[in-house]
Amino acid sequence: MGTILGCSLMVSDDVSAKQSEGLIIDFADKDVKWTDADLHVYKDPISLLQYACDYNGFSLTIEGQEVKEINGFYSDDSKRWEFWTIKNGSTEWIVVDPGDEMKGGVVYAWAYRAEGEVPTVAIDSLGNSVYGYPLARSIVSLSPSVTEIMGALGAANVLVGTDMYSNYPDSVVEGQRSGEIALVGGYTNPSFEKILDCDADIVLCDGSQYTHAEVSKKLIKNGFNAITTYDGEDIETVKTNIFILGAAIGYNIAAESVLDDISDAMSKVVDEINRNPETKDVRTIITLSEDKAPWASGDYTYAHDALESVHGVNVLSDKMGWVHISSELIAQKNPEVAIIITHNYDVSEDEYHALLNNLSPEWRSTDAYKNGNIYLICGGAADMASRSTPRIAQLMELFGLICQPNVFDDGSIPKYIGDNYTDYLNYTKYYSYNN
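Since the model is a prediction, treat every value here as computed from it, not as a measurement. (Residues numbered from 1 in each chain as written. Predicted model: local features only at pLDDT ≥ 70, side-chain atom pairs only at ≥ 80, totals over all residues. Heavy atoms only, no water.)

### Observations regarding the pairing of strand S1 (residues 22–26)
A regular strand places its side chains so that they alternate between the two faces of the sheet. With respect to burial, S1 is a largely interior element, five of its five residues being buried. Residues of S1 alternate between two faces, with Gly22, Ile24 and Asp26 on one and Leu23 and Ile25 on the opposite face, all of them buried. Relative to strand S2 (residues 32–36), S1 runs antiparallel, the two sharing five bridges. From the neighbouring strand, isoleucine 24 faces S2, where its bridge partner is tryptophan 34. Looking at chain direction, S1 and strand S8 (residues 105–113) are connected through three bridges and run parallel. Bridging from a neighbouring strand, aspartate 26 pairs with alanine 111 of S8. (Buried < 20%, exposed > 50% of the residue type's maximum accessible area, 1.4 Å probe, protein only. Helix = DSSP H or I, 4+ residues; strand = E, 2+ residues; numbered from the N terminus. Pairing = 2+ DSSP bridges.)

Shown next as structure tokens:
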């Protein structure tokens with residue numbers, strides 16, 4: 001639950017942002033090129049761009065101080081090249097006159113954008129640049145979600161430290177057992193001293209935890225590299241975190257491949273559902289226990305996004321984030337399907353019936369209970385469902401199997417699902433990146 005229920009972080013004035021010297025050339029759709037450059041030598045946006053294009057072999061056409069073309073991308077009525085920056089202490093891209101002096105920026109970019117669009121994300125949740133770091137050969141991850149992203153990027157083999165709850169992919173568990181990967185504390189209480197003992201190139205922190213933000217700030221102020229992800233409230237933020245972590249550790253190409261795979265897998269699941277005449281909207285609730293007053297998914301959560309993508313109608317969409325609801329509200333909302341994500345039960349018929357027996361009268365009054373549509377997600381499936389990671393595509397397909405049983409011809413999905421959840425997947429079965 002700690003991974004799901006986080007606190008959002010705001011950039012504060014005391015953040016000592018790491019200044020990465022160089023330039024981003026942003027061709028849109030996360031197609032970006034970073035070039036290291038000494039900003040004491042290339043002091044204005046035009047000379048900086050000229051250097052970056054020369055270095056990368058990009059063509060460049062300039063008229064006065066207006067950029068007409070970079071590497072075959074031409075400014076026209078629909079899109080144009082503009083110079084952008086993010087100021088220290090801010091998270092917002094702003095357009096800068098290329099004739100102005102460059103100062104006070106965390107990052108700088110020449111970006112190819114239409115009116116109203118902004119450049120690709122280039123900072124972490126604390127306002128630090130995600131560019132300019134050397135290729136990471138040793139990494140500490142402070143959360144299960146970040147560790148999973150490292151596995152997806154093919155970087156699990158350079159992990160030298162993780163929190164004690166990181167248990168995926170399997171190679172991480174093996175590294176922990178062998179001592180090659182140190183345990184640096186819990187998810188909510190990492191040990192600063194143990195992190196330093198790892199002597200890693202970079203420490204990756206989880207933006208859903210305030211303690212991680214404090215650790216990140218302390219590391220940076222003491223001269224160490226650290227990146228803090230955004231709180232994974234929705235699917236787009238999950239994708240953003242994959243992108244910024246890939247950029248920070250030098251695995252840009254791997255991140256691009258993972259993001260393409262996510263989009264492709266999700267599209268296949270959604271297309272299968274949308275084109276099937278058996279598809280219907282299904283009133284659904286997602287909770288983190290069978291308690292009378294459980295935590296449940298409202299709008300602006302990745303679980304909500306995954307559910308709505310497969311025509312599951314979240315009965316708590318009028319709520320924001322993960323919310324503590326009353327038993328009366330469960331009865332009032334009367335879901336047709338209930339998805340309970342918990343580690344309190346094992347995968348067995350007896351355990352499933354134990355869960356049903358523990359349900360309050362309010363739970364039993366729902367159509368979900370009366371029609372036998374209470375689903376228990378536990379074990380490895382609960383890990384997958386409770387973390388904002390690249391496995392979000394698997395979560396979407398699992399929700400699709402639950403909410404649209406007549407759409408998929410893979411057989412009936414059981415009412416309790418655990419470590420073997422991939423047995424029931426089709427489009428995303430081998431999408432687990434178990435490296």
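### Description of the packing of helix H8 (residues 302–309) against helix H14 (residues 392–403)
Taken N-terminus to C-terminus, the directions of H8 and H14 make an angle of 50 degrees; their axes are 8 Å apart at the nearest point. The angle between H8 and H14 places the two elements in the oblique class. Viewed along their axes, H8 and H14 form a crossing whose handedness is right-handed. The residues of H14 that touch H8, namely those facing Tyr302, Ala303, Ala306, Leu307 and Ser309, are Ile392, Leu395, Met396, Phe399 and Cys403. (Axes fitted to C-alpha atoms, helices over the stretch in contact; angles between N-to-C directions. Parallel < 35°, antiparallel > 145°, perpendicular 65-115°, else oblique. Left-handed = near helix turned anticlockwise from the far one by under 90°. Contact = heavy atoms within 4.5 Å.)

### Here we look at helix H1 (residues 45–56)
Spanning 12 residues, H1 covers 16 Å between terminal C-alpha atoms, matching the ideal 16 Å at 1.5 Å per step. When H1 is considered as a whole, its buried residues turn out to be Pro45, Ile46, Ser47, Leu48, Leu49, Ala52 and Cys53. Those residues of H1 hidden inside the fold are in contact with S1, S2, strand S3 (60–63), strand S4 (66–70), strand S6 (80–87) and S8. For H1, the capping residue at the N-terminal end is aspartate 44, with a side-chain oxygen 3.1 Å from the backbone nitrogen of isoleucine 46. Of the residues one or two after H1, glycine 57 is the one with positive phi, at around 75 degrees. (Expected span 1.5 Å × (residues − 1). Polar contact = N/O pair within 3.5 Å; in protein donor to acceptor, adjacent residues only side chain to side chain.)

### What about the pattern of salt bridges?
Throughout the structure, instances matching the rule amount to 13 salt bridges. Here arginine 387 and glutamate 148 are joined by a salt bridge, their closest N and O atoms 3.1 Å apart. Here the residue arginine 387 occupies a position in the loop between helix H13 (379–385) and H14, and glutamate 148 occupies one in helix H2 (residues 144–152), the gap between them amounting to 239 residues. Like arginine 387, the residue glutamate 148 is buried in the burial classification. With a closest N to O distance of 3.4 Å, arginine 283 and aspartate 367 form a salt bridge. One end of the pair, arginine 283, is in strand S14 (residues 282–287); the other, aspartate 367, is in helix H12 (residues 367–370), with 84 residues separating them in the sequence. Classification of arginine 283 by relative accessible area gives partly exposed; the value is 31%. On the accessibility criterion, aspartate 367 (25% relative accessible area) is partly exposed. Each of Glu148, Asp383, Arg387 and Arg391 takes part in a single network of salt bridges with overlapping partners. (Salt bridge = Lys/Arg side-chain N within 4 Å of Asp/Glu carboxyl O.)

Remember, this is a structural readout, not a statement about activity or role.
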